[in-house]
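Residue-level structure breakdown
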Amino acid sequence: VDVTWGDKLGANYPAEVEVVAVDRVGVLKDIVAKISESHTNISNISLRTKRGSSAVMRFVLDIQDVNQLSSVMKSVRDICDVIEVSRLVPQKTKP
């Protein structure tokens, strides 16, 4: 997927990331802590669980560039009980 970033220095862009993890006490705290350690703002979180098995979390992150996004995603992948981390790309609507 080709990604381009604007020319504004210091500008942030929203990037939506989906995380699938084992549904356990503290997993959301662990993920939020890793994101915060990278000095990345979370502007939105949604979460749903599949009874007793997994949690699917969607985060909208304020990202400066693709390197920051890659770094955040890698650090979240390294968390115990995280199964999958992926970027969600908005679908273009037809006129």
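Note that residues are indexed from 1 along each chain, following the sequence as it is written. Local features in a predicted model are, by the rule used here, given only for residues with pLDDT of at least 70; side-chain atom pairs are given and counted only at 80 or more, and totals for whole chains, interfaces and linings are based on all residues. In computing side-chain properties, one takes all heavy atoms of the structure into account and sets aside hydrogens as well as water.

1. What about the pairing of strand β3 (residues 54-63)?
- Counting buried positions along β3 yields seven of ten residues, so the element is predominantly enclosed.
- As paired elements, strand β1 (residues 13-22) and β3 share ten bridges and run antiparallel to each other. Within the sheet, the bridge partner assigned to valine 17 lies in β3 and is phenylalanine 59.
- Alignment of strand β2 (residues 41-50) against β3, held across nine bridges, turns out to be antiparallel. Counted as the bridge partner of threonine 49 is alanine 55 from β3.
- Taken together, β2 and the strand that follows it, β3, pair antiparallel across an intervening segment of three residues, in which glycine 52 is found at a positive phi of about 70°. Only protein chains enter the accessibility calculation, which uses a 1.4 Å probe; a residue whose area is less than 20% of its type maximum is buried, one above 50% is exposed, and one in between is partly exposed. Segments assigned H or I by DSSP are reported as helices when at least four residues long, segments assigned E as strands when at least two residues long, and all are numbered from the N terminus. Two strands qualify as a pair provided that DSSP identifies no fewer than 2 bridges between them.

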